[in-house]
Amino acid sequence: MKLTSIEGQSVPQVVFRTRDDNQWRDVSTDELFKGKTVIVFSLPGAYTPTCSSSHLPRYNELAPIFRANGVDDILCMSVNDAFVMDAWAKELAVESIHLIPDGNGEFTEGMGMLVDKSELGFGKRSWRYSMLVKNGIIEKMFIEPNKPGDPFEVSDADTMLHYINPEARDPEFVTIFTREGCPHCARAKAILKEHGISFEEIKTGMGTGVSSRTIRAVSGRSTVPQIFIGGKHIGGADDLEKYFDGK
């Protein structure tokens with residue numbers, strides 16, 4: 001199996017069959033790439049272990065940093081149908097990545113990355129790779145080495161970010177514990193949004209499976225909100241205000 005970089009060439013011209021608001025929608029290569037700087041990472045299949053645990057989630061995490069460094073869009077591509085890709089995006093709560101179904105493998109074949117995974121019962125699938133595309137021209141490709149199994153060494157999000165900007169820093173991930181109807185929680189979320197910070201919200205209380213004991217165990221307090229930034233416990237809404245005032 002020969003896997004060859006086609007840097008400097010145009011991406012294949014195909015039409016993708018996607019789903020939008022429960023309706024079929026054809027999306028062309030030009031619509032995805034023309035006049036834009038786009039990252040594409042392609043993987044063997046939705047729901048497969050490495051793809052679900054590492055490849056897609058890390059690109060989603062670093063999406064704000066990519067956009068701050070001039071990337072207009074990030075596409076995750078796989079030889080799967082639109083229904084599978086949509087369901088996968090919902091299950092992983094993907095917010096910053098567009099999942100593109102290359103159901104017939106036409107784009108992947110045009111890239112020279114269509115491989116036979118019949119031994120796994122997958123049929124024809126994409127080899128794992130990533131690329132940076134500017135106005136439809138492939139500037140850089142990171143192709144996983146041709147070895148048995150499912151190598152994941154160079155097509156990851158961190159390698160791509162280091163290529164685009166070696167000085168780029170990881171974002172500080174933010175988690176906030178909240179409770180329904182809590183005005184201080186609403187204020188804390190508003191503060192984070194004012195500073196352009198995305199966050200993961202963990203709701204507590206009846207029916208959520210997260211009790212005050214959990215909050216006390218992780219923060220030493222039983223009140224909400226409790227905010228964590230970059231692994232550091234900040235505290236409640238007042239503490240969050242002081243945190244930003246001190247910056």
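Residues numbered from 1 in each chain as written. Predicted model: local features only at pLDDT ≥ 70, side-chain atom pairs only at ≥ 80, totals over all residues. Heavy atoms only, no water.

The name an unreviewed UniProt entry gives the protein is Glutathione peroxidase, with Acidithiobacillus ferruginosus as the organism.

## Some remarks on the nonpolar core
Here is the rule: The term nonpolar core refers to a set of buried residues drawn from Ala, Val, Leu, Ile, Met, Phe, Trp, Tyr and Cys, joined through side-chain atoms within 4.5 Å. Classification of residues uses two cut-offs on accessible area relative to the type maximum, computed with a 1.4 Å probe and protein chains only: under 20% is buried, over 50% is exposed, and between them is partly exposed. Note on conventions: DSSP H or I runs of at least 4 residues are helices, E runs of at least 2 residues are strands, and numbering of each starts at the N terminus. Contact definition: two residues touch when any of their heavy atoms are within 4.5 Å.
Counting 25 residues, the largest nonpolar core has Tyr59, Phe66, Ile74, Trp88, Ile97 and Leu99 as the members making the most contacts within it. If you list the elements that add at least two residues to this core, you get strand E3 (37-43), helix H2 (49-68), strand E4 (73-78), helix H3 (82-91) and helix H5 (157-164). For this core, the leading source of residues is H2, giving seven residues. When residues no more than four places from it in sequence are discounted, the contact partners of leucine 99 are Leu56, Cys76, Met85, Trp88, Ala89 and Val94.

## Considerations on the state of the cysteines
Inclusion rule: Cysteine sulfur atoms are paired as a disulfide whenever they fall within 2.5 Å.
Counted under the stated rule, the structure contains zero disulfides. Cysteine cysteine 51 remains unbridged, with the sulfur of cysteine 76 as its closest cysteine sulfur at 7.5 Å. When its relative accessible area of 0% is taken as the criterion, cysteine 51 is described as buried.

## Thoughts on the sheet that holds strand E10 (residues 174-179)
What counts, and what does not: Pairs of strands are assigned from DSSP output, requiring at least two bridges between the strands. Where helices are involved, their axes are fitted lines through C-alpha atoms of the stretch in contact, as for all axes, and angles between N-to-C directions lie from 0 to 180°.
Taken in spatial order, the four strands make up an open sheet running E11-E10-E12-E13, and their pairing is mixed. This sheet does not close on itself; its edge strands, each paired only once, are strand E11 (200-204) and strand E13 (232-235). Strand-to-strand twist across the sheet, computed as the mean angle between neighbouring axes with direction ignored, equals 25°. Bridge count between E10 and E11: five bridges; the pairing is parallel. Within the sheet, the bridge partner assigned to threonine 175 lies in E11 and is glutamate 200. Sheet strands in contact with helix H6 (residues 183-194) are E10, E11 and strand E12 (226-229), and its direction is about 155° off that of E10. Its contacts with the sheet put helix H7 (residues 212-219) on E10, E11, E12 and E13, and the angle it makes with E12 is roughly 40°.

## Examining the packing of aromatic side chains
Filter applied, for reference: To pair, rings of Phe, Tyr and Trp, with the six-membered ring standing in for Trp, must have centres within 6.5 Å; the planes then decide the type, stacked if under 30 degrees apart, edge-to-face if over 60, and tilted in the middle.
Enumeration according to the criterion identifies nine aromatic pairs in this entry. On the basis of an interplanar angle of 5° and a centroid distance of 4.1 Å, the ring pair of phenylalanine 41 and tyrosine 59 is categorised as stacked. Taken together, the positions of phenylalanine 41 in strand E3 and tyrosine 59 in helix H2 put the pair 18 residues apart, joining distant regions of the chain. In this pair, the class of phenylalanine 41 matches that of tyrosine 59, namely buried. Both rings, one in tyrosine 47 and one in tryptophan 88, keep their centres 6.3 Å apart while their planes meet at 40°; by these two values the pair is tilted.

## Examining the pattern of salt bridges
Put simply, the rule reads: Only one rule defines a salt bridge in this text: a Lys or Arg side-chain nitrogen within 4 Å of an Asp or Glu carboxyl oxygen.
Under the defined criterion, the tally for this structure stands at 14 salt bridges. The closest approach of N and O atoms between arginine 58 and glutamate 61, which form a salt bridge, is 3.0 Å. With arginine 58 and glutamate 61 both in helix H2 and three residues apart, the pair spans about one turn of that helix. Assessed through its relative accessible area of 16%, arginine 58 is described here as buried.

## Details of the side chain of serine 126
The cut-off we apply is this: Throughout this description, a polar contact denotes any pair of N or O atoms lying within 3.5 Å of each other; where both atoms belong to protein, one of them has to be capable of donating a hydrogen while the other can accept it, and for residues adjacent in sequence the pair is counted only when both atoms sit in side chains.
By the secondary structure assignment, serine 126 is in strand E7 (residues 124-126). On the basis of relative accessibility, which here comes to 0%, the residue serine 126 falls in the buried class. Within the local environment of serine 126, its side chain forms a polar contact with the side chain of serine 42, the two groups lying 2.8 Å apart. Not counting residues up to four positions away in its chain, the partners in contact with serine 126 are Ser42, Leu43, Pro44, Val79, Thr108, Met113 and Val115.

## Topic: the environment of tyrosine 47
As for its placement among the helices and strands, tyrosine 47 is situated in the loop between E3 and H2. With a relative accessible area of 39%, tyrosine 47 lands in the partly exposed category. Sequence-wise, tyrosine 47 and glutamate 194 are 147 residues apart; in three dimensions their C-alpha atoms are separated by 35 Å. In contact with tyrosine 47, not counting residues within four places along its chain, are Ser52, Val84, Ala87, Trp88 and Glu91. For tyrosine 47, the side chain forms a polar contact with the main-chain oxygen of alanine 87, separated by 3.4 Å.

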